[in-house]
Amino acid sequence: DSGRQFWLIGVTLNRTIKNHYIKLEEKLRQGYHVRILVVQPSGTSIAIAASRHYALASRDANTKAAESLASLQLFCGLKNSWPNSLEIRTIDNPLSFGAICIDPDLATGALYLEHYPYRTASDSVPKFILRANDGYWYEFFKSEVIAMWNGGVEWNCSSTSE
């Protein structure tokens with residue numbers, strides 16, 4: 001075990017898992033411990049997250065919940081292959097930003113952060129990178145990421161049909 005970590009945090013991570021499934025598999029093969037955190041697919045938090053979209057047609061909570069469930073199904077497929085290397089949690093919070101965290105506890109750690117806008121015509125901006133040697137803001141966002149993780153509950157993959 002290399003002790004290396006890779007975390008993905010987002011509302012549904014739908015775009016991420018579709019576009020980077022192979023990269024995630026590679027990280028697991030390389031011995032990374034992977035943590036996934038998405039918004040609970042049922043309830044008000046997913047509806048609030050959906051309501052942030054600029055396009056009215058994108059604000060449907062049921063569509064956003066379906067995206068989340070589709071992502072969870074793909075993550076659960078990976079968990080079946082690497083049960084000790086992949087953790088999946090959901091959180092009952094709409095999240096204000098998404099994150100990719102690479103080795104957050106190491107001196108070489110990096111946080112790739114993406115702000116979720118409210119009904120603006122732009123994509124998620126700003127997107128920025130913080131490195132462990134950035135000090136205060138790295139530690140600030142790292143502690144928030146850890147708090148979000150700790151606020152999540154383990155996802156039961158058997159409840160996600162494959």
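In case you missed it, the structure is sitting above this.
Predicted, not measured: the structure shown is a model, and the values here were computed from it.

Draft legend 1. Geometry of the overall build of the protein chain. Along the backbone of the protein chain there are four helices and seven strands. The C-alpha atoms of the protein chain give a radius of gyration of 15 Å, which matches the 15 Å a tight globule of 162 residues would have. Viewed in the frame of its principal axes, the protein chain has a C-alpha envelope of about 45 × 40 × 25 Å. A burial count over the protein chain gives 44% of its 162 residues as buried. Accessible surface, the protein chain: about 8,600 Å² in total, of which carbon and sulfur atoms supply 53%. Between the centroid of the 16 positive side chains of the protein chain and the centroid of its 16 negative side chains there is a distance of 4 Å.

Draft legend 2. Just the pairing of strand β2 (residues 33-39), in detail. Among the seven residues of β2, six are classified as buried, and the element is accordingly described as predominantly covered. Taken together, strand β1 (residues 5-10), helix α1 (residues 14-29) and β2 form a β-α-β motif whose crossover is right-handed. Across six bridges, the pairing between β2 and strand β3 (residues 86-91) is parallel. The residue of β3 that forms the bridge with Val34 is Leu86.

Draft legend 3. Representation of the sheet that holds strand β6 (residues 127-131) in the model. Taken together, the seven strands give an open sheet; going across it, the order is β6-β5-β4-β1-β2-β3-β7, and neighbouring strands pair in mixed fashion. On the outer flanks of this sheet lie β6 and β7 (153-154), each paired with one strand and no other.

Draft legend 4. Structural context of the state of the cysteines. Tallied over the entire structure, the rule returns one disulfide. Here Cys76 connects covalently by a disulfide to Cys157, the sulfurs 2.0 Å from one another. Taking the torsion about the S-S bond as the criterion, the Cys76 to Cys157 disulfide, at about -85 degrees, is left-handed. Of this pair, Cys76 sits in helix α3 (residues 61-81) while Cys157 sits in the segment after β7, and the two are 81 residues apart along the sequence. Since its relative accessible area comes to 0%, Cys76 is described here as buried.

Parameters and conventions
Residues numbered from 1 in each chain as written. Predicted model: local features only at pLDDT ≥ 70, side-chain atom pairs only at ≥ 80, totals over all residues. Heavy atoms only, no water. Helix = DSSP H or I, 4+ residues; strand = E, 2+ residues; numbered from the N terminus. Rg over C-alpha atoms; globule rule 2.2 N^0.38 Å. Buried < 20%, exposed > 50% of the residue type's maximum accessible area, 1.4 Å probe, protein only. Areas by Shrake-Rupley, 256 points an atom, 1.4 Å probe, with all protein chains shown as cover. Lys, Arg positive; Asp, Glu negative; His and termini not counted. Charge placed at Lys NZ, Arg CZ, Asp CG, Glu CD. Right-handed = clockwise from strand over helix to strand, strands pointing away. Pairing = 2+ DSSP bridges. Disulfide = S-S within 2.5 Å.

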